[in-house]
Every structure is written in structure tokens, then in C-alpha cells.
Amino acid sequence: MRHFLSTLDYSRAEIEALLAAARAFKAGPHAQTLAGKSIALVFFNPSLRTRTSFELGMHQLGGKAIVLEPGKGAWPIEFDDGVIMDGEPEEHVREVARVLSRYVDAIAVRAFPKFQRWEVDREDRVIQSFARHATVPVINMETITHPCQELALALTLKEKLGDLAGKKMCLTWTYHPKPLNTAVANSALIIAAKLGMDVTLLCPTPEYVLDKRYMDAAAEYTRAAGSTLTVTHDIEQGYRGADIVYAKSWGALPYFGRWDEEKPIREASRRFMVDAAKMDLTPNGLFSHCLPVRRNVKVTDEILDSPRAIHIDEAENRLHVQKAVMDALLRGAL
């Protein structure tokens, strides 16, 4: 049995196999490969695309999805071991994971960081606890990484650009009024590097460089592929020559939990919004974003509504790649 927690756990060949399966699911009629199977979708945070695509994907595969929201329609859950449970949580993940494993064939979890201490959040405790105590496959629906979004991005780029080896991705930070999770940025960095792209991480200052775990992994992948990994704070350098501009906002890790101290840097960096002038630095480069996106804050209407924007295609592909993941895990093909 394998979990799908991070693409760091999967080889390039395994990722390519999942993408090939996703293309087949997208091209063909709905195949009832998981008839009689079920999945519990455990949401600690809000969702639009993730919930819709997982529920619909399991339905199209012939199975059943059960949505649980701890603290709302389900009991709050405790994750600390050895704790005296006299607070808000009514049950422990040890029981939750094992009981759900008796009911369903897989468990998917969405749990964002607490945004208080990065050294704690980077342990990814919630989903790791489910994986440790469950006896069925566990799937990451976004924690400190977003592997399903990675696959959707990769599938979309392959559809638009063909072979990704040697293509350039500009992964650019963009302004947002709130400090956000680094998950999608971590994931975009990893999948682009794993598939042989030349990756440029563009961010306002060194404080916005991503966690060493993901930077080191991306450096290793690019070395193995003979491609490059570049970090720059110069907008023109980041955009120039890019085949795809992938935009995301994220918080600066040195200021994790101390956002008031980060705010002056963030406010001084509004110029990082994606617009036509920046996109014109690329050779007819494409644009994408994981969504949700704040128009005219992260990126202008002009770019989002142009033929260069492929964010809707990427959102659609969430459905197909997640079907591939569920199908492979539940049939033991991974």
C-alpha cells in the first residue's frame, strides 16, 4: 500500500505514468474502474475545485465519496500524542484514521498550516498522522504541498508545450493582501524541476525563497535532467525567455507567524503583479495560476482573459489527474 502525500516520494517515471493515465481518462468515456469503492474526503479548510473534482471524479469511476468537515459536520480531532483530551477535540486521529479505514478504501485530507511556527508546520503533522494510523491509502488534497495541483499543472503544460525538457518556467511571487501558504509554490517548483524544465524562482527578496527541502530537491532534479534552477529578484530577468509564467503569492518563511513584520516588504512589492508589459518579455509565453485568483491584484484582467491564460485548462485537469491517482492507488497499480 502506498500513500500519495508528496511527489517527492514518486519517481519521474511514476509521475509520467500517472499523467498518461490522466490523459486516457480525459480522452475516453467514464470507466467504472472503482465500482463499489469509496473514499473519505476530510476537509479542515475550504475548497471549491478540490472538493468538486474529487467527488465527481470518484463518481465517474463508479465509486462513492463521503465529505467530512471536522469541527463542523464531524467531531474536532486531536493530533498530539499523550495529551489529556479535556479541550475542544472530541476524538483522536488514532481512532479517526482506523475507523475510517474500516469504512472506506482511501482517505483524502486537506489541512493548511497553522501559520504560527514554520518549523512545526513543515512537519505536516495532520496528514502524516492520518498516513501513520490509516490502513488504507491517504491522499494529499493540499497541506504544505499540493501534489494534485502539480499533476494538473504538468498535464496542462504537456498539452500546450509538448515535451517539457528545456522549456523555461518563471515561478513568480505576486502580491496578495494576506500571507498565504507556500504549498502551490513548493509543488510547482518540484514538478517543473522533476520534468526537466529550466526553472526560475522570481520573488521580491531573499526572505521569500522557499523552504530548503524543496529548493534542494529542485536543484537535485534539475542537475539530473541537465536543466537549470535560478533564483532572482529581478522581474525582467525572471520573465525573459519564459515559456510559462506561473503566478502564486506566498508568505516569507522567516516572518512565519509574525506577519506584521513582513507586511512592509509585501506592500512594497505590488509591482510583481502579472501584467501585459511583463508578459511581453516572454516569447509568447503562457500564463497560469492554481486558483482562486484575485483579479487586478495578482494578475490583470487583460492577461486572465487572453488566449495566453491556461488556468481554466489547469483547473479542469484536476479532475483527470485525481482520477488517475485514485484509480492507481485503489487498484494497487502504484
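Since the model is a prediction, treat every value here as computed from it, not as a measurement.

Rules used throughout
Residues numbered from 1 in each chain as written. Predicted model: local features only at pLDDT ≥ 70, side-chain atom pairs only at ≥ 80, totals over all residues. Heavy atoms only, no water. Helix = DSSP H or I, 4+ residues; strand = E, 2+ residues; numbered from the N terminus. Rg over C-alpha atoms; globule rule 2.2 N^0.38 Å. Buried < 20%, exposed > 50% of the residue type's maximum accessible area, 1.4 Å probe, protein only. Contact = heavy atoms within 4.5 Å. Areas by Shrake-Rupley, 256 points an atom, 1.4 Å probe, with all protein chains shown as cover. Expected span 1.5 Å × (residues − 1). Bend = angle between axes of the 7 residues up to and from the residue. Pairing = 2+ DSSP bridges. Axes fitted to C-alpha atoms, helices over the stretch in contact; angles between N-to-C directions. Left-handed = near helix turned anticlockwise from the far one by under 90°. Nonpolar A, V, L, I, M, F, W, Y, C, P; charged D, E, K, R; others polar. Phe/Tyr/Trp six-rings, centres within 6.5 Å; stacked < 30°, edge-to-face > 60°. Lys NZ or Arg CZ within 6 Å of the ring centre and 35° of its normal. Core = buried A, V, L, I, M, F, W, Y, C linked by side-chain atoms within 4.5 Å.

Regarding the overall build of the chain
Logical step 1: Of the regular secondary structure elements, the chain holds 13 helices and eleven strands.
Logical step 2: In summary, the chain has a C-alpha radius of gyration of 20 Å against a globular reference of 20 Å for 334 residues, a match within 12%.
Logical step 3: In terms of overall dimensions, the chain has a C-alpha envelope of 55 × 50 × 35 Å along the principal axes.
Logical step 4: When the 334 residues of the chain are sorted by exposure, 56% land in the buried category.
Logical step 5: Relative to all contacts within the chain whose residues are 6 or more apart in sequence, the contacts with residues 24 or more apart total 80%.
Logical step 6: Element-wise, carbon and sulfur atoms account for 51% of the exposed surface of the chain, whose accessible area totals about 14000 Å².

Here's the deal with helix α13 (residues 311–330)
Logical step 1: In this model α13 runs 29 Å from its N-terminal to its C-terminal C-alpha over 20 residues, within 8% of the 28 Å that 1.5 Å per residue would give.
Logical step 2: At N317, α13 is bent by approximately 30°, the largest bend along its length.
Logical step 3: Burial analysis of α13 places 17 of its 20 residues in the buried class, which makes it a mostly covered element.
Logical step 4: G332 sits one or two positions beyond α13 and adopts a positive phi of about 70°.

Quick word on the sheet that holds strand β7 (residues 168–173)
Logical step 1: Strand order across the open sheet formed by five strands is β9-β8-β7-β10-β11, with parallel pairing between neighbours. Two strands close off the open sheet at either side, each with one partner strand: β9 (229–232) and β11 (286–289). Sheet twist, expressed as the mean angle between neighbouring strand axes with direction ignored, is 20°.
Logical step 2: The sheet contact formed by β7 and strand β8 (residues 198–202) spans five bridges and is parallel. Considered in β8, the bridge of L171 is made with L201.

Some points on the sheet that holds strand β5 (residues 106–110)
Two orientations exist for strands paired in a sheet by backbone hydrogen bonds: parallel and antiparallel.
Logical step 1: Taking strand neighbours across the sheet as the criterion, the four strands line up as β2-β1-β5-β6 in an open arrangement whose pairing is parallel. Because the sheet does not close on itself, it has two edges, and the strands there are β2 (64–68) and β6 (138–140). Between one strand axis and the next, the sheet turns through 20° on average, direction left out of account.
Logical step 2: Along the sheet, helix α2 (residues 49–60) makes contact with β1 (38–43), β2, β5 and β6, crossing β1 at roughly 170°.

Let's talk about the side chain of S38
Logical step 1: Tracing the backbone through its elements, the reader meets S38 in strand β1.
Logical step 2: Excluding its chain neighbours within four sequence positions, the residues that come into contact with S38 are M58, K64, Y103, V104, D105 and A106.

Notes on the packing of helix α6 (residues 147–161) against α13
Logical step 1: Contact pair α6 / α13: the axes reach a minimum separation of 8 Å and the direction vectors enclose 115°. Where α6 crosses over α13, the two elements pack in a sense that is right-handed. Contacts from C148, Q149, L151, A152, L153, L155, T156, E159 and K160 in α6 reach D313, E314, N317, R318, V321, Q322 and V325 in α13.
Logical step 2: Taken together, the residues that form the contact of α6 with α13 break down as seven nonpolar, four polar and five charged.

What to know about the packing of aromatic side chains
Logical step 1: Taken as a whole, this structure holds nine aromatic pairs when the rule is applied.
Logical step 2: Relative to F130, the ring of F79 lies with its centre 6.1 Å away and its plane at 55°, an arrangement referred to as tilted. Residue F79 is located in the loop between β3 (77–78) and β4 (91–92), and its partner F130 is located in helix α5 (residues 125–133); the two are separated by 51 residues in the primary sequence. Both residues of the pair, F79 and F130, count as buried.
Logical step 3: Judged by centre distance (5.4 Å) and plane angle (70°), the ring pair of F256 and W259 falls under edge-to-face.
Logical step 4: Accessibility expressed as a relative area gives 8% for F256, which makes it buried.
Logical step 5: Members of the aromatic cluster, joined through ring pairs, are F115, W118, F256 and W259.
Logical step 6: A cation over an aromatic ring shows up here: R2 above the ring of Y10, its NZ or CZ 4.0 Å from the ring centre.

Examining the packing of helix α1 (residues 12–27) against α13
Logical step 1: The interhelical angle for the contact between α1 and α13, taken along N-to-C directions, is 115°, at an axis separation of 8 Å. The hand of the α1/α13 crossing is right-handed. Counted together, L18, A21, A22, F25 and K26 of α1 and E316, N317, H320, V321, K323, A324, V325, D327 and A328 of α13 form the full contact between these two elements.
Logical step 2: Taken together, the residues that form the contact of α1 with α13 break down as eight nonpolar, two polar and four charged.

As for the pairing of β11
Logical step 1: Here β11 shows no split at all, with L286 and S288 on one side and F287 and H289 on the other all buried.
Logical step 2: Here strand β10 (residues 244–248) pairs with β11 via four bridges, running parallel. Residue Y246 lies in a different strand from β11, and its bridge partner there is S288.

Looking at the nonpolar core
Logical step 1: One finds F4, I39, I139, L157, M169 and F287 to be the most contacted residues of the largest nonpolar core, which totals 89 residues.
Logical step 2: The contacts of F4, once residues within four sequence positions are left out, are Y10, L18, V138, I139, N140, P147, C148, L151, V325 and L329.
Logical step 3: Formed by 20 residues, the second largest nonpolar core is a distinct cluster that contains V42, I77, A111 and A131.

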